[in-house]
Amino acid sequence: MRSAGTSTRKRGPRRTLGAGSVGRATDASSRRRQDQVPNQALALCDIPVTLKGTGFVLLEPEELIDSRIGVHDDNQFEVKLDYAIDPTGRRSRYVVETYLFLPRSLGVDPHSYRREQFYSDIQAYIRFKTPTISLRALADEGNESSPLNQMLELMPTIGRDTAPDLDGGLGHEVRLFGCLVKVGVRDQVSVLRDRVAALAGHAQHRPVLVEDIDRLAIRLAEDVSAVLERFRGYRADFVLPRRAAWIQELFAYADEFISLSVERYFTRFIAALDENQAVRDACEAGRAKIVERILAEQAHRKGAGYDSIIDGVRGSARYVHRNSALKKFMSSVLFLDMTKQTVGRRITNIGAGIAAAVAMLFSTVAAIWSQNRYGINSYPFVFALVISYVFKDRIKEWLRTYFNQQFSRFLWDYSVTIRDPANDAEVGRCREMFSFTDPDSVPRPVYDARHDDATGVLEPKSKQEIILKYVKEITLRGRSIAANHGRLLDVNDIIRFNVSSLLARMDDPVRTVETFDAKTGTIRPVTCPKSYHVNVVMVLRAVSGPSSYERFRVVLDKSGIRELHEVGHSQGELEAPAPSRELEVAVAE
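Reading the values: rules and limits
- Residues numbered from 1 in each chain as written.
- Predicted model: local features only at pLDDT ≥ 70, side-chain atom pairs only at ≥ 80, totals over all residues.
- Heavy atoms only, no water.
- Helix = DSSP H or I, 4+ residues; strand = E, 2+ residues; numbered from the N terminus.
- Buried < 20%, exposed > 50% of the residue type's maximum accessible area, 1.4 Å probe, protein only.
- Contact = heavy atoms within 4.5 Å.
- Areas by Shrake-Rupley, 256 points an atom, 1.4 Å probe, with all protein chains shown as cover.
- pLDDT = per-residue confidence, 0-100.
- Expected span 1.5 Å × (residues − 1).
- Arc of directions from axis to C-beta.
- Axes fitted to C-alpha atoms, helices over the stretch in contact; angles between N-to-C directions.
- Parallel < 35°, antiparallel > 145°, perpendicular 65-115°, else oblique.
- Nonpolar A, V, L, I, M, F, W, Y, C, P; charged D, E, K, R; others polar.
- Pairing = 2+ DSSP bridges.
- Core = buried A, V, L, I, M, F, W, Y, C linked by side-chain atoms within 4.5 Å.

Observations concerning the overall build of the protein
- In terms of helices and strands, the protein carries 17 helices and 17 strands.
- Looking at the protein residue by residue over its 589 residues, the buried ones come to 46%.
- Taking as baseline every contact in the protein between residues at least 6 positions apart, the subset at least 24 positions apart corresponds to 74%.
- Carbon and sulfur atoms form 52% of the exposed surface of the protein, whose accessible area is close to 29300 Å².

And the structure:
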């Protein structure tokens, strides 16, 4: 059975600052806005730890890169990287190296799987990480950072003829509010579900912990009710006849999205609670509050005439489509625009020019020599010119190919400009490169991480694998981001890998094996699954900082992804760095 829900949360290197490090100073690089809550425990307790005199929360110690891995669907797995931004620093720079170890039997090589195919198989998004603000802080009328209070200030500026503006102003605040509520509910439900799972078989001996779950569930339901009551209290202001039509639609989209999010995560909590009868029996009050909120949201959407109502097969299909559309609309407030362009054109053009010059030099010398040797009006002279032209053409092509191959070792494949759509300002850049790597060129720590679970010395030698290497370097302008987004500081880099291209040459997903049955004394066929293991090692580091090595395994068969699970990880410095691409030249900037 496929482990579609598998998700692994990884930890990157701890912040180590010094000369040449990403941050300027330890306190400057570990700050966050005071209205943000640094972790799930504080999200439940509303106790921010502030750095006196700065207005930022001090997270000590803080990590520069945090990664999460999971299965997106049957053909795609997803890596989400969280980059911590220094709001006082000019630039923060990170490098992610991904090594994919593929079985040789898949038939992947530089001829069958070109660079263009790899980039068509990955999909990348860069977005702001949703800030963690407690639900009570969102509903607090004295919290100036709450989008609810920002809406009140912006509402008088909206009239009948106001043009739609989703990237800034009211459109930005409403959509950000929806994302904050969703994340707030999701994180707290996740904490509750983990606590319920931890009490499996121990509920009777942990009455205090069970009571904590009941109280937290009641408090969560009350906090959600308070947030929704305040937000929906603005409905009359949004639907006034003097408001533009898009303002009314904006409120409806946000209201429906929040309602669906609350119902979805509350339903997951009820499902987890009902799996543990002892905990459920002791948490009747909390369960009743959560169920009451679920039923209230279903009734609210029906009363508002929203499409996201489940009633039969047709209703289910409409529900899924509507839910997906609302999610894309609301979360788009966090996404950054990316413009990709090929790099190295100037260098490759120089190489092509050198090749043409050498070829022309050969042709000219050959023409002069043949003229002096045979005379201009002779058949040998004409024959020599034809031969020199043939060699000229080939020399030009050979040299151009040679220079391209040599330059490609030092040049990135693509350069991506990252822009903030809210103000059309450039907030960072990203560079990417892909290559096939020889096993001897793999850094020792990466090799050790790949074979960390080997049962013997010979096992690594017996594995015939093709190694793909994908490097991504991202530079973010922390000071520019902080100046325009006080609440949006950290950045998510989402990389989605599609494995469909690897499935074509796989065997059938099951294989019949004949075995001797000792009980019956006969030969009987046994059906065994046939799978392929793709091992992935990721090296995460902030430039000039320590490295973290993360490994996971993707189990595939001809039907797609069957499993994804963590194998192991470690931290340390690279002993044998990967081939350098430090040739800094003017490349199509």
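Observations regarding the confidence of the model for the protein
- Here the protein shows a mean pLDDT of 79. Residues at 70 or above account for 81%.
- Across residues 1–62, where pLDDT falls below 50, the model places 166 contacts with residues more than four positions away in sequence or in other chains.
- A low-confidence stretch, residues 570–589 stays under pLDDT 50, and its non-local contacts, those more than four residues away or across chains, total 55 contacts.

Quick notes on helix α11 (residues 284–304)
- A rise of 1.5 Å per residue sets the reference length of α11, with its 21 residues, at 30 Å; its end C-alpha atoms lie 30 Å apart and thus fit the reference within 8%.
- Within α11, the full set of buried residues consists of G286, R287, I290, R293, I294, E297 and R301. For α11, the buried positions fall inside an angular range of 125 degrees around the axis, keeping them on one side. Those residues of α11 that are exposed and aimed more than 90 degrees away from the buried face are E292, L295, K302 and G303.
- The positive-phi residue at the C-terminal boundary of α11 is G305, with phi of around 75 degrees.

A closer look at the packing of helix α7 (residues 207–232) against helix α9 (residues 245–274)
- Put simply, α7 and α9 touch, their axes get as near as 12 Å, and they point 170 degrees apart. With respect to α9, the element α7 is oriented roughly antiparallel. On α9, the residues that touch I213, A217, L220, A221, V224, L228, F231 and R232 of α7 are F251, A254, D255, I258, S259, V262, F266 and F269.
- When its residues are assigned to classes, the contact of α7 with α9 shows 13 nonpolar, one polar and two charged.

Quick look at the pairing of strand β14 (residues 522–529)
- Within β14, only zero of the eight residues are buried, which leaves the element largely exposed.
- Sheet analysis places strand β13 (residues 510–517) next to β14, joined by eight bridges and oriented antiparallel. Across the sheet, the residue bridging to D517 is T522, located in β14.
- With antiparallel pairing between neighbouring strands as the criterion, β13 and β14 make up a hairpin whose turn holds four residues, including G521 at a positive phi of roughly 70 degrees.

As for the nonpolar core
- Counting 108 residues, the largest nonpolar core has M151, F177, V185, F238, F266, F269 and F552 as its most contacted members.
- Broken down by element, this core gets its largest block of residues, 14 residues, from α9.
- Those residues in contact with M151, other than ones at most four positions away along the chain, are L170, E173, V174, F177, F231, Y234 and F238.
- Among the nonpolar cores identified, the runner-up in size contains nine residues, and F101, V442, A449 and V537 belong to it.

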